[in-house]
Amino acid sequence: MIIPGPFHERTPNPLANHHTSCSNRPMAATNQSPEIRIDPCPPATWRELQHRVARILREAGVITAVEKRIRTARGKVSIDVWAHDPSATPTQTYLIECKRWRARVPQTVVHAFRTIVGDSGANWGAIISATGFQQGARTASRYTNVRLISWTEFEALFAERWVLNHFTRPHQ
């Protein structure tokens, strides 16, 4: 595995052997293969998925809250992971739902979450699923600010920022 960014192209991933006994935790396969795995073992439960998503975002310099109640145009709702990115220009807020279900996520979940993202004023939202998404869910997310991603795709989305923040900033 290769670390992207300021490191040499052939630098081995220092996290490649971080966890070795995670083969019993399958997550949905993807066509994308990130150059770095931040946390090679997929989360075993939805609660663990929430906390690991929040941890990776925090380590990438994003302010997070797990199971946060937020106000929307239609009332208060609970979000699995709320994130505010002060380093983006302009600053961004995004909402993440974590689904560790046995079945693929249906379009009704995407419709409901898309409404929450829009009614909250968030810049974008993501649903992270362990088993993937039904075709109707993918269709429902097209042309919206809601991304449907796997654990591996989530890691790839934040890998470069995580590496830069995690390895190049002085630890406090």
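Small disclaimer: the values here were computed from a predicted structure and weren't measured. (Residues numbered from 1 in each chain as written. Predicted model: local features only at pLDDT ≥ 70, side-chain atom pairs only at ≥ 80, totals over all residues. Heavy atoms only, no water.)

1. Points about the overall build of the chain
Selection rule: Helical segments are the DSSP runs of H or I of at least four residues, strand segments are the runs of E of at least two, and each set is numbered from the N terminus. Exposure is judged per residue with a 1.4 Å probe applied to protein chains only, and the accessible area is read against the type maximum: over 50% gives exposed, under 20% gives buried, and values in between give partly exposed. Two residues form a contact once any of their heavy atoms are found within 4.5 Å. For accessible areas, the Shrake-Rupley method is used with a probe of radius 1.4 Å. Any residue's cover is judged against the shown protein chains and nothing else.
Per the secondary structure count, the chain includes four helices and five strands. For the chain, the sequential pattern of α-helices and β-strands runs α-β-β-β-α-β-α-β-α. Across the 172 residues that make up the chain, the buried fraction comes to 44%. Considering only intrachain contacts with a sequence separation of at least 6, the fraction spanning at least 24 residues in the chain is 55%. As presented, the chain carries roughly 9,600 Å² of accessible surface, and 48% of it is formed by carbon and sulfur atoms.

2. Observations regarding the nonpolar core
Let me state the cut-off plainly: Among buried residues, those of type Ala, Val, Leu, Ile, Met, Phe, Trp, Tyr and Cys that are joined through side-chain atoms within 4.5 Å constitute a nonpolar core.
Ranked by size, the top nonpolar core spans 22 residues in total, and within it Val53, Leu57, Tyr94, Ile96 and Phe154 carry the most contacts. Elements with a minimum of two residues in this core: helix H1 (46-59), strand S2 (75-85), strand S3 (92-99), strand S4 (124-129) and helix H4 (151-168). If sequence neighbours within four positions are ignored, Leu57 has contacts with Val62, Thr64, Val81, Ala83, Tyr94, Ile96, Phe154 and Phe158.

3. As for the sheet that holds strand S5 (residues 146-149)
Put simply, the test is: We call two strands paired when DSSP finds no fewer than two bridges between them. The axes are straight lines fitted to the C-alpha atoms, using for helices just the contacting stretch, and the angles between their N-to-C directions are given from 0 to 180°.
Pairing in this open sheet of five strands is mixed, and the strands run S1-S2-S3-S4-S5 from one edge to the other. Strands with a single pairing partner mark the edges of an open sheet, and in this sheet they are strand S1 (63-72) and S5. Adjacent strand axes in the sheet meet at a mean angle of 35° when their direction is disregarded. Bridge count for S4 against S5 is four bridges, and the pairing is parallel.

4. Re the packing of H1 against H4
When two helices pack together, you describe them by how their axes are tilted relative to each other and by the distance separating the axes. What counts, and what does not: Classification convention: Asp, Glu, Lys, Arg as charged; Ala, Val, Leu, Ile, Met, Phe, Trp, Tyr, Cys, Pro as nonpolar; all other residues, Gly among them, as polar.
Where H1 contacts H4, the axes come no closer than 8 Å and their chain directions differ by 30°. Here Leu49, Arg52, Val53, Ile56, Leu57, Arg58 and Glu59 of H1 lie close against H4, whose contacting residues are Trp151, Phe154, Glu155, Phe158, Trp162, Asn165 and His166. Within the contact of H1 with H4, the residues separate by chemical class into eight nonpolar, two polar and four charged.

5. A few points about the side chain of Ser129
Within the fold, Ser129 resides in strand S4. Taking relative accessible area as the criterion, Ser129 reaches 1% and is therefore assigned buried.

6. Some words on the confidence of the model for the chain
Atom-level detail of predicted coordinates should not be read off regions where pLDDT is low. Keep this limit in mind: Every residue is assigned a pLDDT by the predictor, reflecting its confidence on a scale from 0 to 100.
Considering every residue of the chain, the mean pLDDT works out to 81; 77% of them sit at 70 or more. Below a pLDDT of 50 lies the segment residues 1-21, which in the model reaches 37 contacts outside its immediate sequence neighbourhood of four places, other chains included. Contacts from residues 23-30, a stretch scored under 50 in pLDDT, to residues over four places away or in other chains number 22 contacts.

7. Examining the environment of Thr139
When you line up the elements, Thr139 lands in helix H3 (residues 135-141). In the structure, Thr139 is positioned 29 residues away from Val110 in sequence and 9.5 Å away in space, judged by C-alpha atoms.

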